[in-house]
Amino acid sequence: MAGRASSDELRHAEKCLDLVRHFGGVVEAPKAPEVRPVAPSELETRERLLYEVVALSCVTETLSAALLGALVERARDSLTKSVLHSILRDEVVHSRLGWAFLAEEHARGARDCVSERLAPMLSSTLSDELFDGPTEVNDVDRALAGFGSLERMERQRVVRETLQAVVFPGLERFGIDTSRGRAWLFEKVP
(Lines give C-alpha, C1' and ligand atoms only; values in the text may rest on other atoms or scores of the structure.)
Protein backbone atom coordinates (compact mmCIF):
# COMPACT_ATOMS: atom_id res chain seq x y z
CA MET A 1 0.00 0.00 0.00
CA ALA A 2 2.83 2.39 0.81
CA GLY A 3 4.50 1.73 -2.56
CA ARG A 4 1.23 2.34 -4.36
CA ALA A 5 0.72 5.57 -2.38
CA SER A 6 4.14 6.78 -3.50
CA SER A 7 3.25 6.06 -7.13
CA ASP A 8 -0.08 7.82 -6.63
CA GLU A 9 1.69 11.00 -5.52
CA LEU A 10 3.77 11.03 -8.71
CA ARG A 11 0.58 10.55 -10.74
CA HIS A 12 -1.04 13.43 -8.81
CA ALA A 13 1.82 15.69 -9.81
CA GLU A 14 1.30 14.76 -13.47
CA LYS A 15 -2.44 15.45 -13.20
CA CYS A 16 -1.72 18.85 -11.68
CA LEU A 17 0.67 19.62 -14.53
CA ASP A 18 -2.16 18.66 -16.91
CA LEU A 19 -4.32 21.28 -15.18
CA VAL A 20 -1.59 23.89 -15.60
CA ARG A 21 -1.54 23.12 -19.35
CA HIS A 22 -5.36 23.11 -19.47
CA PHE A 23 -5.40 26.66 -18.13
CA GLY A 24 -2.69 27.81 -20.56
CA GLY A 25 0.27 27.68 -18.24
CA VAL A 26 3.76 26.72 -19.27
CA VAL A 27 5.13 23.59 -17.66
CA GLU A 28 8.82 23.36 -17.00
CA ALA A 29 10.55 20.04 -16.56
CA PRO A 30 9.68 18.82 -13.06
CA LYS A 31 12.46 18.72 -10.52
CA ALA A 32 13.16 15.55 -8.59
CA PRO A 33 11.35 15.69 -5.25
CA GLU A 34 13.46 16.37 -2.21
CA VAL A 35 13.18 13.49 0.22
CA ARG A 36 14.09 14.36 3.78
CA PRO A 37 13.34 12.88 7.16
CA VAL A 38 10.38 14.36 8.98
CA ALA A 39 10.86 12.76 12.39
CA PRO A 40 13.20 14.16 15.03
CA SER A 41 16.56 12.42 14.88
CA GLU A 42 16.61 11.63 18.60
CA LEU A 43 13.79 9.10 18.19
CA GLU A 44 14.56 5.41 17.85
CA THR A 45 14.11 3.86 14.41
CA ARG A 46 10.65 2.39 15.02
CA GLU A 47 9.49 5.63 16.69
CA ARG A 48 10.78 7.69 13.74
CA LEU A 49 8.74 5.52 11.41
CA LEU A 50 5.63 5.92 13.56
CA TYR A 51 6.15 9.68 13.82
CA GLU A 52 6.57 10.02 10.06
CA VAL A 53 3.51 7.92 9.28
CA VAL A 54 1.39 9.93 11.73
CA ALA A 55 2.69 13.22 10.30
CA LEU A 56 2.41 12.28 6.64
CA SER A 57 -0.67 10.05 6.61
CA CYS A 58 -2.81 10.61 9.70
CA VAL A 59 -2.34 14.38 9.70
CA THR A 60 -1.34 15.53 6.22
CA GLU A 61 -3.36 13.08 4.12
CA THR A 62 -6.44 13.46 6.34
CA LEU A 63 -6.24 17.25 5.97
CA SER A 64 -5.63 16.88 2.22
CA ALA A 65 -8.71 14.71 1.86
CA ALA A 66 -10.86 17.25 3.71
CA LEU A 67 -9.53 20.18 1.68
CA LEU A 68 -9.91 18.28 -1.59
CA GLY A 69 -13.49 17.38 -0.64
CA ALA A 70 -14.25 21.08 -0.27
CA LEU A 71 -12.54 21.82 -3.59
CA VAL A 72 -14.47 19.09 -5.42
CA GLU A 73 -17.77 20.48 -4.08
CA ARG A 74 -16.96 23.91 -5.51
CA ALA A 75 -15.27 22.94 -8.78
CA ARG A 76 -16.89 24.54 -11.82
CA ASP A 77 -14.42 23.39 -14.46
CA SER A 78 -15.04 19.76 -15.50
CA LEU A 79 -11.36 18.80 -15.85
CA THR A 80 -10.54 20.42 -12.51
CA LYS A 81 -13.38 18.54 -10.83
CA SER A 82 -12.30 15.24 -12.38
CA VAL A 83 -8.65 15.66 -11.39
CA LEU A 84 -9.49 16.76 -7.85
CA HIS A 85 -11.93 13.89 -7.39
CA SER A 86 -9.34 11.37 -8.59
CA ILE A 87 -6.73 12.73 -6.20
CA LEU A 88 -9.28 12.82 -3.37
CA ARG A 89 -10.00 9.09 -3.75
CA ASP A 90 -6.30 8.33 -3.41
CA GLU A 91 -5.77 10.68 -0.45
CA VAL A 92 -8.53 8.91 1.48
CA VAL A 93 -6.71 5.59 0.95
CA HIS A 94 -3.38 7.16 1.99
CA SER A 95 -4.97 8.52 5.15
CA ARG A 96 -6.45 5.13 5.99
CA LEU A 97 -3.02 3.55 5.56
CA GLY A 98 -1.63 5.83 8.25
CA TRP A 99 -4.49 5.24 10.67
CA ALA A 100 -4.19 1.47 10.18
CA PHE A 101 -0.45 1.60 10.87
CA LEU A 102 -1.03 3.70 13.99
CA ALA A 103 -3.65 1.20 15.20
CA GLU A 104 -1.26 -1.70 14.65
CA GLU A 105 1.59 0.05 16.44
CA HIS A 106 -0.70 0.96 19.33
CA ALA A 107 -1.82 -2.66 19.61
CA ARG A 108 1.86 -3.69 19.75
CA GLY A 109 2.36 -1.34 22.69
CA ALA A 110 4.37 1.32 20.87
CA ARG A 111 5.52 4.18 23.06
CA ASP A 112 3.88 7.54 22.36
CA CYS A 113 6.40 9.63 20.45
CA VAL A 114 3.91 12.17 19.11
CA SER A 115 2.17 13.95 22.01
CA GLU A 116 5.00 16.26 23.03
CA ARG A 117 5.87 16.94 19.38
CA LEU A 118 2.35 17.41 18.01
CA ALA A 119 2.46 21.23 17.87
CA PRO A 120 5.73 21.31 15.87
CA MET A 121 4.33 18.55 13.64
CA LEU A 122 1.26 20.66 12.87
CA SER A 123 3.36 23.78 12.42
CA SER A 124 5.56 22.09 9.83
CA THR A 125 2.51 20.62 8.08
CA LEU A 126 0.47 23.80 7.85
CA SER A 127 2.17 26.86 6.38
CA ASP A 128 1.99 30.27 8.01
CA GLU A 129 0.28 31.48 4.83
CA LEU A 130 -2.86 29.69 5.98
CA PHE A 131 -3.03 31.77 9.14
CA ASP A 132 -1.31 35.08 8.36
CA GLY A 133 -2.33 37.90 6.11
CA PRO A 134 -5.65 39.36 5.04
CA THR A 135 -8.81 37.34 5.56
CA GLU A 136 -11.07 39.32 3.23
CA VAL A 137 -12.04 37.66 -0.04
CA ASN A 138 -10.41 39.57 -2.88
CA ASP A 139 -10.85 39.57 -6.66
CA VAL A 140 -8.17 36.89 -7.13
CA ASP A 141 -9.91 34.61 -4.61
CA ARG A 142 -13.22 35.11 -6.40
CA ALA A 143 -11.64 34.42 -9.79
CA LEU A 144 -9.98 31.21 -8.60
CA ALA A 145 -12.96 29.84 -6.67
CA GLY A 146 -14.17 26.77 -8.47
CA PHE A 147 -10.85 26.14 -10.18
CA GLY A 148 -8.95 24.38 -7.40
CA SER A 149 -8.57 27.17 -4.87
CA LEU A 150 -10.27 27.99 -1.57
CA GLU A 151 -10.37 31.36 0.14
CA ARG A 152 -8.15 31.60 3.25
CA MET A 153 -11.12 31.71 5.66
CA GLU A 154 -12.61 28.59 4.09
CA ARG A 155 -9.24 26.78 4.23
CA GLN A 156 -8.95 27.74 7.89
CA ARG A 157 -12.46 26.46 8.60
CA VAL A 158 -11.82 23.12 6.89
CA VAL A 159 -8.47 22.65 8.65
CA ARG A 160 -9.87 23.61 12.07
CA GLU A 161 -12.92 21.35 11.74
CA THR A 162 -10.88 18.42 10.42
CA LEU A 163 -8.34 18.65 13.21
CA GLN A 164 -11.05 18.97 15.87
CA ALA A 165 -13.45 16.35 14.51
CA VAL A 166 -11.14 13.77 12.92
CA VAL A 167 -7.42 14.10 13.61
CA PHE A 168 -7.39 14.91 17.33
CA PRO A 169 -10.07 12.34 18.28
CA GLY A 170 -8.33 9.75 16.09
CA LEU A 171 -4.99 10.31 17.79
CA GLU A 172 -6.62 10.26 21.23
CA ARG A 173 -8.19 6.91 20.41
CA PHE A 174 -4.66 5.51 20.27
CA GLY A 175 -3.47 7.12 23.49
CA ILE A 176 -1.89 10.25 22.05
CA ASP A 177 -2.42 13.37 24.15
CA THR A 178 -3.53 16.13 21.78
CA SER A 179 -3.57 19.01 24.27
CA ARG A 180 -0.44 20.60 22.77
CA GLY A 181 -1.88 20.32 19.27
CA ARG A 182 -5.21 21.77 20.41
CA ALA A 183 -3.43 24.67 22.12
CA TRP A 184 -1.41 25.30 18.95
CA LEU A 185 -4.60 25.35 16.85
CA PHE A 186 -6.36 27.71 19.26
CA GLU A 187 -3.39 30.06 19.10
CA LYS A 188 -3.48 30.04 15.29
CA VAL A 189 -7.28 30.15 14.87
CA PRO A 190 -8.93 31.38 18.10
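One structure accompanies this document, and this report is about it. Only a predicted model underlies this, so the values are computations on that prediction, with no experimental measurement involved. (Residues numbered from 1 in each chain as written. Predicted model: local features only at pLDDT ≥ 70, side-chain atom pairs only at ≥ 80, totals over all residues. Heavy atoms only, no water.)

1. Things to note about the pattern of salt bridges
Part 1 of the reasoning: This structure, assessed with the given rule, holds 15 salt bridges.
Part 2 of the reasoning: The residue Glu42 makes a salt bridge to Arg117 at a minimum N-O spacing of 3.5 Å. Taken as a pair, Glu42 in the loop between helix H1 (2-22) and helix H2 (45-74) and Arg117 in the loop between helix H3 (78-107) and helix H4 (118-125) lie far apart in primary sequence, 75 residues in all.
Part 3 of the reasoning: Under the relative-accessibility criterion, Glu42 is labelled exposed at 57%.
Part 4 of the reasoning: Glu172 is paired through a salt bridge with Arg182; the nearest N and O atoms lie 3.1 Å apart. With a gap of ten residues between them, Glu172 in helix H6 (residues 152-173) and Arg182 in helix H7 (residues 179-188) connect regions that are remote in the sequence.
Part 5 of the reasoning: Among the residues examined, Glu172 registers a relative accessible area of 37% and is labelled partly exposed.
Part 6 of the reasoning: The class of Arg182 is partly exposed, set by a relative accessible area of 32%.
Part 7 of the reasoning: Residues participating in the shared-partner salt-bridge network are Glu73, Arg74, Glu154, Arg157 and Glu161. (Salt bridge = Lys/Arg side-chain N within 4 Å of Asp/Glu carboxyl O. Helix = DSSP H or I, 4+ residues; strand = E, 2+ residues; numbered from the N terminus. Buried < 20%, exposed > 50% of the residue type's maximum accessible area, 1.4 Å probe, protein only.)

2. A closer look at the packing of aromatic side chains
Part 1 of the reasoning: Applying the stated criterion to the full structure yields two aromatic pairs.
Part 2 of the reasoning: Taken together, a centroid distance of 5.7 Å and an interplanar angle of 85° make the contact between Phe23 and Phe147 edge-to-face. Note that Phe23 is positioned in the loop between H1 and H2 and Phe147 in the loop between helix H5 (139-144) and H6, a separation of 124 residues in sequence.
Part 3 of the reasoning: Since its relative accessible area comes to 44%, Phe23 is described here as partly exposed.
Part 4 of the reasoning: Taken together, a centroid distance of 5.6 Å and an interplanar angle of 90° make the contact between Phe131 and Trp184 edge-to-face. With Phe131 in the loop between H4 and H5 and Trp184 in helix H7, this residue pair connects regions lying 53 residues apart in the sequence. (Phe/Tyr/Trp six-rings, centres within 6.5 Å; stacked < 30°, edge-to-face > 60°.)

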